[in-house]
Amino acid sequence: MADLENPAQDAARAVGGHPRAAAHGDAGHPHPPTPRTGINTRRTPVGSRWAPYALVAPFFLFLGAFGVFPLLATAWTSLHRVELTAPAEAEWVGLHNYARLLDDAFFWNALANTVVIGIASTVPQLLLALGVAHLLDVRLRGRGVFRVVALAPYATSVAAATLVFALFYGRDHGMANWALGAAGLPPVDWQNGPWASKLAVSSIVVWRWTGYNALIYLAAMQTVPRELYEAAALDGASRWRQFLHVTLPGIRPAIAFTVLVSTIGATQLFGEPLLFGSGAGASGGADHQFQTLGLYLYEQGWVNLHLGRAAAIAWAMLLILVVLFGAVRLLRAGLARERRAS
């Protein structure tokens, strides 16, 4: 009977293995099982370790060259008396440039003008942007054309838009006074009036930035689930209540973003008031009636040639924004604690 056995089985018995192993492998030299240690023996090349840092290095280089370095250089300049005609001859004065701002009537006038123009331009701008975005969110024919039209003012040059508005608000031949005369109202000196000039500059900002903010709101509105509107409609909510209780909560982050950006832009407002007044330049009118902080900074640094004072104004603008947004965050945190407590 031994002669009738399979030769592979004999070979397996000879090596003490399994018949299948002997049939598929070398009977005399079976392959030992490879131990699994769980350790990757392959080494990562040195170059691949530094590849991510090399990819992000250009961003940090540009940030340091055009962001951090100018910020630190401006802070250092604000602590010196530096003239534009002799920038290498800097005299250390400490916080003297900041102390001068506290007693500078022109600085406080520029700050008040910036606040008034900022409020008069930001609030109507964002309200109009919400309305335009809500209209564009409805399924209309040619929505793409309306979106391009809404964004066209943002793509227009600041100089071109401001010069057109200066003609529109002309005292003798402007269309604004022509419309007022047609309505039986007296003409307004838009460029020299203390309040009229601020409203005129604010209207330029509203015209330029409403479409930009409307497209941001439109993109946020399109992310709100349509099921929420359907559920609100089934509950009998009108379009207005759907807008208040569904749309506005859904686009709250976009609203916070536009408020932040608009506030920063209002603080740095420069081009519109610079070009609006006829020959006013950086003074913001004959009586500085619409001179903003950006214009006052430019006047001190590049008209009066006082770089140290201009640098102090720039840092004062930054500190004002930091204090403002810090106060808003504290207020929101307090309101949130009160809601949790109630």
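Data block above holds the structure.
Reading guide: rules and limits
- Residues numbered from 1 in each chain as written.
- Predicted model: local features only at pLDDT ≥ 70, side-chain atom pairs only at ≥ 80, totals over all residues.
- Heavy atoms only, no water.
- Axes fitted to C-alpha atoms, helices over the stretch in contact; angles between N-to-C directions.
- Helix = DSSP H or I, 4+ residues; strand = E, 2+ residues; numbered from the N terminus.
- Left-handed = near helix turned anticlockwise from the far one by under 90°.
- Contact = heavy atoms within 4.5 Å.
- Nonpolar A, V, L, I, M, F, W, Y, C, P; charged D, E, K, R; others polar.
- 1 Å grid on protein atoms, 1.4 Å probe; cavity = no way out; pocket = protein on both sides within 12 Å on 5 of 7 lines; lining within 4 Å.
- Points joined across faces, edges and corners; volume = space filled by probe spheres on them.
- Buried < 20%, exposed > 50% of the residue type's maximum accessible area, 1.4 Å probe, protein only.
- Arc of directions from axis to C-beta.
- Patch = residues over 30% accessible without salt bridge, like charges linked within 9 Å, V, L, I, M, F, W, Y side chains within 5 Å.
- Areas by Shrake-Rupley, 256 points an atom, 1.4 Å probe, with all protein chains shown as cover.
- Salt bridge = Lys/Arg side-chain N within 4 Å of Asp/Glu carboxyl O.
- Lys, Arg positive; Asp, Glu negative; His and termini not counted.
- Charge placed at Lys NZ, Arg CZ, Asp CG, Glu CD.
- Core = buried A, V, L, I, M, F, W, Y, C linked by side-chain atoms within 4.5 Å.

A. Spotlight on the packing of helix α10 (residues 226-234) against helix α11 (residues 239-250). Between α10 and α11, the shortest axis-to-axis distance is 10 Å and the interhelical angle comes to 145°. Pair α10 / α11 crosses with right-handed handedness. On α11, the residues touching L228, Y229, A232 and A233 of α10 are Q242, V246 and T247. Residue classes in the contact of α10 with α11 are distributed as five nonpolar, two polar and no charged.

B. Spotlight on the layout of surface pockets. Its boundaries defined by the atoms lining it, the largest pocket holds a volume of some 770 Å³. For the largest pocket, the lining is made up of 26 residues, of which V259, T263, L324, F325 and V328 are closest to its centre. Ranked by residue count, the leading element in the lining of the largest pocket is helix α12 (residues 252-267), at 10 residues. Here the lining of the largest pocket is composed, by residue class, of 17 nonpolar, six polar and three charged. In this structure, the second largest pocket occupies an estimated 400 Å³ of space. Around the second largest pocket sit 13 residues that line it, and D137, V138, R226, Y229 and R239 are the ones nearest its centre. At the level of elements, α5 (105-137), α10 and α11 are the ones that each hand at least two residues to the lining of the second largest pocket. For the lining of the second largest pocket, the leading source of residues is α11, giving four residues.

C. Summary view of the environment of L228. Here L228 shows up in helix α10. C-alpha separation for the pair L228 and H245, spaced 17 residues apart in sequence, amounts to 9.9 Å.

D. Just helix α8 (residues 175-182), in detail. Those residues of α8 lying buried are A176, N177 and L180. Taken down its axis, α8 places every buried residue within 90° of arc, on the same side. Among the exposed residues of α8, those pointing more than 90 degrees away from its buried face are M175, W178 and A182. Positive backbone phi, approximately 85°, marks G184, located one or two places after α8.

E. A look at a positive patch on the surface. There is a patch of like positive charges on the surface, built from R252, R329, R332, R337, R339 and R340. Among the structural elements, R340 can be located in helix α15 (residues 307-341).

F. Quick peek at a nonpolar patch on the surface. On the surface, L55, V56, F59, F60, L63, V68 and L72 cluster together into a nonpolar patch covering about 730 Å² of accessible area. If you trace the backbone, L72 turns up in helix α3 (residues 46-78).

G. Structural view of unusual backbone geometry. The phi dihedral of H288 falls on the positive side, at around 55°, and the residue is not glycine. With respect to the element layout, H288 can be found in the loop between α13 (271-276) and α14 (293-303). Of note in the backbone geometry, L305 takes a positive phi value of approximately 65° without being a glycine. Residue classification places L305 among the partly exposed positions, given a relative accessible area of 28%.

H. Layout of the nonpolar core. Residues Y217, M221 and I251 are the most contacted members of the largest nonpolar core, which totals 18 residues. Sorting the residues of this core by element identifies α5, α9 (196-221), α10 and α11 as the ones contributing at least two each. If you tally residues by element for this core, the top one is α9, at six residues. In this structure, M221 is in contact with L130, A133, H134, D137, R226, F243, T247 and I251, ignoring residues within four places of it in sequence. Residues W190, A196, A200 and L269 belong to the second largest nonpolar core, which totals 15 residues.

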